[in-house]
Amino acid sequence: MRLVIKLAGALLDDAATVASIARQIAALAQEGHELLVVHGGGKIFTATLEKMGIQSRFVGGLRVTDRETREVAVMVLGGLLNKRVAGAISQAGQPAIGLCASDAGAFLAEPMSYNEMRGGLGFVGYLTGVNLEFLETLWRAGVVPVASCLGLGADGEIYNINADHMAAACAEFIHADRLIYLTDVAGVLDGRKVMKAVSADEVEDLIRHHKVSGGMILKLEACKRALAAGVNQVRIVGGTKMDGLLSAANGGKGPGTRVLPAYPAAASAAR
Ligand code: ADP
Ligand code: MG
(Lines give C-alpha, C1' and ligand atoms only; values in the text may rest on other atoms or scores of the structure.)
(Ligands and ions follow the chains in the order given, each with its own letter.)
Protein backbone atom coordinates (compact mmCIF):
# COMPACT_ATOMS: atom_id res chain seq x y z
CA MET A 1 0.00 0.00 0.00
CA ARG A 2 1.16 3.51 -0.75
CA LEU A 3 0.48 5.94 2.07
CA VAL A 4 0.97 9.67 2.69
CA ILE A 5 1.20 10.62 6.37
CA LYS A 6 1.01 14.29 7.26
CA LEU A 7 2.38 15.37 10.63
CA ALA A 8 1.17 18.63 12.16
CA GLY A 9 3.94 21.02 13.16
CA ALA A 10 2.38 21.24 16.63
CA LEU A 11 3.12 17.54 17.22
CA LEU A 12 6.83 18.06 16.66
CA ASP A 13 7.23 20.15 19.85
CA ASP A 14 7.01 17.11 22.10
CA ALA A 15 9.82 14.53 22.02
CA ALA A 16 7.63 11.69 23.35
CA THR A 17 4.99 12.33 20.66
CA VAL A 18 7.62 12.43 17.93
CA ALA A 19 9.12 9.15 19.20
CA SER A 20 5.72 7.46 19.34
CA ILE A 21 4.77 8.53 15.81
CA ALA A 22 8.23 7.55 14.54
CA ARG A 23 7.81 4.06 16.03
CA GLN A 24 4.48 3.63 14.21
CA ILE A 25 5.93 4.90 10.93
CA ALA A 26 8.84 2.46 11.29
CA ALA A 27 6.41 -0.41 11.93
CA LEU A 28 4.35 0.44 8.82
CA ALA A 29 7.44 0.75 6.64
CA GLN A 30 8.65 -2.61 7.88
CA GLU A 31 5.34 -4.17 6.88
CA GLY A 32 6.42 -3.24 3.35
CA HIS A 33 4.21 -0.18 2.76
CA GLU A 34 5.55 2.70 0.67
CA LEU A 35 5.34 5.74 2.91
CA LEU A 36 5.78 9.42 2.23
CA VAL A 37 5.84 11.58 5.36
CA VAL A 38 4.99 15.29 4.99
CA HIS A 39 5.33 17.68 7.90
CA GLY A 40 4.33 21.24 8.69
CA GLY A 41 5.96 23.83 10.92
CA GLY A 42 3.23 25.41 13.00
CA LYS A 43 4.22 26.99 16.27
CA ILE A 44 7.97 26.42 16.06
CA PHE A 45 8.11 28.31 12.79
CA THR A 46 6.10 31.22 14.22
CA ALA A 47 8.18 31.25 17.43
CA THR A 48 11.44 31.39 15.43
CA LEU A 49 10.10 34.26 13.33
CA GLU A 50 9.14 36.08 16.55
CA LYS A 51 12.60 35.48 18.04
CA MET A 52 14.07 37.05 14.92
CA GLY A 53 11.66 39.98 15.13
CA ILE A 54 9.78 39.06 11.94
CA GLN A 55 6.00 39.65 12.04
CA SER A 56 3.63 37.09 10.49
CA ARG A 57 0.51 38.03 8.57
CA PHE A 58 -2.11 35.50 7.50
CA VAL A 59 -4.49 35.82 4.57
CA GLY A 60 -7.16 33.10 4.29
CA GLY A 61 -5.17 30.87 6.64
CA LEU A 62 -2.00 31.22 4.55
CA ARG A 63 1.12 32.92 5.85
CA VAL A 64 2.21 35.84 3.66
CA THR A 65 5.85 34.94 2.96
CA ASP A 66 8.34 37.68 2.11
CA ARG A 67 11.95 36.80 1.31
CA GLU A 68 13.09 37.03 4.94
CA THR A 69 10.21 34.81 6.14
CA ARG A 70 10.99 32.35 3.38
CA GLU A 71 14.62 32.08 4.52
CA VAL A 72 13.40 31.19 8.01
CA ALA A 73 10.94 28.69 6.50
CA VAL A 74 13.80 26.88 4.80
CA MET A 75 15.88 26.91 8.00
CA VAL A 76 13.11 25.68 10.28
CA LEU A 77 11.03 23.46 7.96
CA GLY A 78 13.79 22.15 5.70
CA GLY A 79 16.37 22.08 8.48
CA LEU A 80 15.49 21.70 12.13
CA LEU A 81 12.09 20.00 11.88
CA ASN A 82 12.83 17.90 8.81
CA LYS A 83 15.93 16.45 10.45
CA ARG A 84 14.09 15.95 13.72
CA VAL A 85 11.45 13.77 12.04
CA ALA A 86 13.89 11.84 9.82
CA GLY A 87 16.16 11.33 12.84
CA ALA A 88 13.35 9.98 15.03
CA ILE A 89 12.23 7.45 12.38
CA SER A 90 15.82 6.36 11.75
CA GLN A 91 16.30 5.97 15.51
CA ALA A 92 13.19 3.80 15.62
CA GLY A 93 15.09 1.37 13.40
CA GLN A 94 13.76 2.45 10.01
CA PRO A 95 16.15 4.45 7.79
CA ALA A 96 14.51 7.73 6.76
CA ILE A 97 15.78 10.65 4.74
CA GLY A 98 14.76 14.28 5.11
CA LEU A 99 14.02 16.01 1.82
CA CYS A 100 13.51 19.63 1.02
CA ALA A 101 12.13 20.82 -2.31
CA SER A 102 15.54 21.36 -3.85
CA ASP A 103 16.89 17.89 -3.09
CA ALA A 104 16.75 16.04 -6.43
CA GLY A 105 13.97 18.48 -7.38
CA ALA A 106 11.80 16.22 -5.27
CA PHE A 107 8.90 18.67 -4.89
CA LEU A 108 8.08 21.36 -7.42
CA ALA A 109 5.96 24.46 -6.90
CA GLU A 110 4.46 27.46 -8.58
CA PRO A 111 3.63 30.76 -6.90
CA MET A 112 0.05 30.98 -5.70
CA SER A 113 -2.23 33.69 -6.99
CA TYR A 114 -4.14 35.86 -4.57
CA ASN A 115 -6.90 38.19 -5.74
CA GLU A 116 -5.87 37.24 -9.26
CA MET A 117 -2.34 38.40 -8.53
CA ARG A 118 0.25 35.71 -9.16
CA GLY A 119 2.71 35.62 -6.27
CA GLY A 120 0.44 37.99 -4.31
CA LEU A 121 1.26 36.15 -1.07
CA GLY A 122 5.01 36.32 -1.64
CA PHE A 123 6.82 33.01 -1.64
CA VAL A 124 3.69 30.96 -1.07
CA GLY A 125 3.25 28.24 -3.61
CA TYR A 126 1.26 25.20 -4.49
CA LEU A 127 2.68 21.82 -5.39
CA THR A 128 2.87 21.17 -9.13
CA GLY A 129 4.94 18.01 -9.28
CA VAL A 130 6.87 15.31 -7.48
CA ASN A 131 9.99 13.45 -8.58
CA LEU A 132 8.26 10.08 -8.28
CA GLU A 133 11.10 8.14 -9.85
CA PHE A 134 13.41 9.40 -7.15
CA LEU A 135 10.92 8.51 -4.39
CA GLU A 136 10.55 5.03 -5.88
CA THR A 137 14.33 4.61 -5.74
CA LEU A 138 14.20 5.41 -2.03
CA TRP A 139 11.37 2.95 -1.38
CA ARG A 140 13.22 0.21 -3.24
CA ALA A 141 16.28 0.93 -1.07
CA GLY A 142 14.10 0.61 2.05
CA VAL A 143 14.31 4.31 2.96
CA VAL A 144 11.34 6.44 4.05
CA PRO A 145 11.28 9.93 2.50
CA VAL A 146 10.31 12.76 4.87
CA ALA A 147 9.28 15.95 3.08
CA SER A 148 9.12 19.44 4.49
CA CYS A 149 6.31 21.56 3.06
CA LEU A 150 8.48 23.43 0.55
CA GLY A 151 8.56 23.36 -3.23
CA LEU A 152 11.14 24.38 -5.81
CA GLY A 153 9.89 26.90 -8.37
CA ALA A 154 10.80 27.05 -12.05
CA ASP A 155 12.56 30.32 -11.14
CA GLY A 156 14.87 28.47 -8.75
CA GLU A 157 13.21 29.98 -5.67
CA ILE A 158 11.89 27.86 -2.81
CA TYR A 159 8.21 28.31 -2.02
CA ASN A 160 6.40 27.75 1.25
CA ILE A 161 3.42 25.40 0.78
CA ASN A 162 0.57 24.85 3.22
CA ALA A 163 1.41 21.39 4.55
CA ASP A 164 -2.20 20.14 4.33
CA HIS A 165 -2.40 21.12 0.66
CA MET A 166 1.04 19.64 0.05
CA ALA A 167 0.09 16.29 1.60
CA ALA A 168 -3.07 16.04 -0.54
CA ALA A 169 -1.20 16.99 -3.71
CA CYS A 170 1.54 14.47 -2.89
CA ALA A 171 -1.10 11.77 -2.41
CA GLU A 172 -2.45 12.65 -5.85
CA PHE A 173 0.94 12.76 -7.60
CA ILE A 174 2.28 9.52 -6.11
CA HIS A 175 -1.10 7.73 -6.58
CA ALA A 176 -1.40 6.97 -2.88
CA ASP A 177 -4.02 4.54 -1.61
CA ARG A 178 -4.41 6.36 1.68
CA LEU A 179 -3.82 9.77 3.18
CA ILE A 180 -3.68 10.24 6.95
CA TYR A 181 -3.53 13.61 8.67
CA LEU A 182 -2.11 13.45 12.20
CA THR A 183 -3.14 16.66 13.88
CA ASP A 184 -3.36 18.37 17.29
CA VAL A 185 -7.08 17.63 17.77
CA ALA A 186 -8.78 14.22 17.97
CA GLY A 187 -10.45 14.68 14.56
CA VAL A 188 -13.11 16.98 13.15
CA LEU A 189 -15.03 18.13 16.21
CA ASP A 190 -18.72 18.92 16.45
CA GLY A 191 -18.67 20.72 19.77
CA ARG A 192 -16.69 18.29 21.91
CA LYS A 193 -17.64 15.20 19.95
CA VAL A 194 -15.35 13.71 17.30
CA MET A 195 -17.28 13.24 14.05
CA LYS A 196 -16.76 9.64 12.91
CA ALA A 197 -17.17 10.61 9.27
CA VAL A 198 -17.58 13.72 7.15
CA SER A 199 -18.64 13.51 3.53
CA ALA A 200 -17.13 15.76 0.90
CA ASP A 201 -20.62 17.19 0.19
CA GLU A 202 -20.96 18.16 3.82
CA VAL A 203 -17.77 20.26 4.01
CA GLU A 204 -19.36 23.43 2.54
CA ASP A 205 -22.16 23.25 5.11
CA LEU A 206 -19.75 22.78 8.00
CA ILE A 207 -17.87 25.89 6.90
CA ARG A 208 -21.03 27.93 6.28
CA HIS A 209 -22.42 27.05 9.71
CA HIS A 210 -19.07 27.89 11.37
CA LYS A 211 -18.67 24.37 12.65
CA VAL A 212 -15.15 24.31 11.30
CA SER A 213 -12.79 27.25 11.01
CA GLY A 214 -9.14 28.21 10.56
CA GLY A 215 -6.75 25.43 9.64
CA MET A 216 -9.50 22.80 9.62
CA ILE A 217 -11.11 24.47 6.57
CA LEU A 218 -7.88 24.12 4.60
CA LYS A 219 -7.47 20.56 5.81
CA LEU A 220 -10.98 19.50 4.75
CA GLU A 221 -10.57 21.19 1.39
CA ALA A 222 -7.30 19.28 0.96
CA CYS A 223 -9.10 16.04 1.88
CA LYS A 224 -11.74 16.72 -0.78
CA ARG A 225 -9.07 17.28 -3.36
CA ALA A 226 -7.33 14.01 -2.52
CA LEU A 227 -10.62 12.09 -2.74
CA ALA A 228 -11.45 13.69 -6.08
CA ALA A 229 -8.01 12.62 -7.31
CA GLY A 230 -8.75 8.98 -6.48
CA VAL A 231 -7.14 8.50 -3.07
CA ASN A 232 -9.16 5.71 -1.52
CA GLN A 233 -9.16 6.53 2.17
CA VAL A 234 -8.63 9.88 3.82
CA ARG A 235 -8.62 10.32 7.56
CA ILE A 236 -7.92 13.02 10.17
CA VAL A 237 -6.59 11.59 13.44
CA GLY A 238 -5.20 12.96 16.72
CA GLY A 239 -1.42 12.55 16.62
CA THR A 240 -1.15 11.86 20.35
CA LYS A 241 -3.65 8.99 20.29
CA MET A 242 -1.89 5.77 21.31
CA ASP A 243 -1.25 3.72 18.15
CA GLY A 244 -3.64 6.08 16.31
CA LEU A 245 -1.59 6.02 13.12
CA LEU A 246 -1.37 2.23 13.08
CA SER A 247 -5.11 1.76 13.48
CA ALA A 248 -5.86 4.49 10.93
CA ALA A 249 -3.48 2.88 8.42
CA ASN A 250 -5.16 -0.46 8.90
CA GLY A 251 -8.46 1.02 7.72
CA GLY A 252 -11.69 -0.09 9.33
CA LYS A 253 -13.50 2.09 11.87
CA GLY A 254 -10.37 3.24 13.67
CA PRO A 255 -9.81 6.59 15.39
CA GLY A 256 -10.53 10.16 14.29
CA THR A 257 -12.65 11.28 11.35
CA ARG A 258 -12.92 9.56 8.00
CA VAL A 259 -13.50 11.93 5.10
CA LEU A 260 -15.65 10.20 2.50
CA PRO A 261 -16.48 11.11 -1.10
CA ALA A 262 -20.19 10.81 -0.26
CA TYR A 263 -22.26 9.01 2.31
CA PRO A 264 -23.33 5.53 1.27
CA ALA A 265 -26.99 5.70 0.14
CA ALA A 266 -28.25 3.80 3.20
CA ALA A 267 -26.42 6.06 5.62
CA SER A 268 -27.69 9.27 4.01
CA ALA A 269 -31.27 7.93 4.03
CA ALA A 270 -30.91 7.35 7.77
CA ARG A 271 -29.67 10.91 8.44
P1 ADP B 1 -2.40 21.17 11.42
O2 ADP B 1 -1.10 21.60 11.94
O3 ADP B 1 -2.78 19.76 11.78
O4 ADP B 1 -2.58 21.43 9.94
P5 ADP B 1 -4.30 23.32 11.76
O6 ADP B 1 -4.11 24.31 12.86
O7 ADP B 1 -4.00 23.72 10.38
O8 ADP B 1 -3.46 22.04 12.22
O9 ADP B 1 -5.79 22.74 11.79
C10 ADP B 1 -6.30 22.13 12.95
C11 ADP B 1 -6.98 23.17 13.83
O12 ADP B 1 -8.24 23.54 13.27
C13 ADP B 1 -7.33 22.68 15.22
O14 ADP B 1 -6.24 22.74 16.10
C15 ADP B 1 -8.44 23.65 15.63
O16 ADP B 1 -7.91 24.76 16.29
C17 ADP B 1 -9.01 24.15 14.30
N18 ADP B 1 -10.40 23.80 14.12
C19 ADP B 1 -11.36 24.64 13.71
N20 ADP B 1 -12.56 24.04 13.65
C21 ADP B 1 -12.38 22.76 14.04
C22 ADP B 1 -13.25 21.63 14.19
N23 ADP B 1 -14.56 21.69 13.95
N24 ADP B 1 -12.73 20.47 14.59
C25 ADP B 1 -11.40 20.37 14.85
N26 ADP B 1 -10.53 21.41 14.74
C27 ADP B 1 -10.99 22.59 14.33
MG1 MG C 1 -2.93 23.03 8.76
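Up top is the structure.
Residues numbered from 1 in each chain as written. Chains lettered and ligands numbered in written order. Predicted model: local features only at pLDDT ≥ 70, side-chain atom pairs only at ≥ 80, totals over all residues. Heavy atoms only, no water.

Chemist: Before we move on, could you go through the packing of helix α5 (residues 163-173) against helix α7 (residues 215-228) and cite the residues and values that matter?
Modeler: Here α5 crosses α7 at 5°, and the two axes come no closer than 8 Å. Here α5 is positioned roughly parallel relative to α7, judged by the angle of their axes. Contacts between α5 and α7 involve D164, H165, A168, A169, E172 and F173 from the former and G215, L218, K219, A222, R225 and A226 from the latter. (Axes fitted to C-alpha atoms, helices over the stretch in contact; angles between N-to-C directions. Helix = DSSP H or I, 4+ residues; strand = E, 2+ residues; numbered from the N terminus. Parallel < 35°, antiparallel > 145°, perpendicular 65-115°, else oblique. Contact = heavy atoms within 4.5 Å.)

Chemist: Could you give an account of the packing of helix α2 (residues 42-51) against helix α3 (residues 67-91), naming the residues involved and the relevant values?
Modeler: Put simply, α2 and α3 touch, their axes get as near as 10 Å, and they point 135° apart. When the interaxial angle is binned, α2 and α3 end up oblique. For the crossing formed where α2 meets α3, the hand is right-handed. On α3, the residues that touch I44, F45, T48 and L49 of α2 are T69, V72, A73, V76, L80, L81 and R84. Residues of the contact of α2 with α3, tallied by class, amount to 8 nonpolar, 2 polar and 1 charged. (Left-handed = near helix turned anticlockwise from the far one by under 90°. Nonpolar A, V, L, I, M, F, W, Y, C, P; charged D, E, K, R; others polar.)

Chemist: Can you tell me about the sheet that holds strand β11 (residues 150-153), naming the residues and giving the values?
Modeler: As summarised here, the arrangement of the 4 strands in space is β9-β6-β11-β12, forming an open sheet in which the pairing is mixed. At either margin of the open sheet sits one strand with a lone partner, and together these are β9 (125-130) and β12 (158-160). Pairs of neighbouring strands in the sheet enclose a mean axial angle of 50°, with direction left out of account. (Pairing = 2+ DSSP bridges.)

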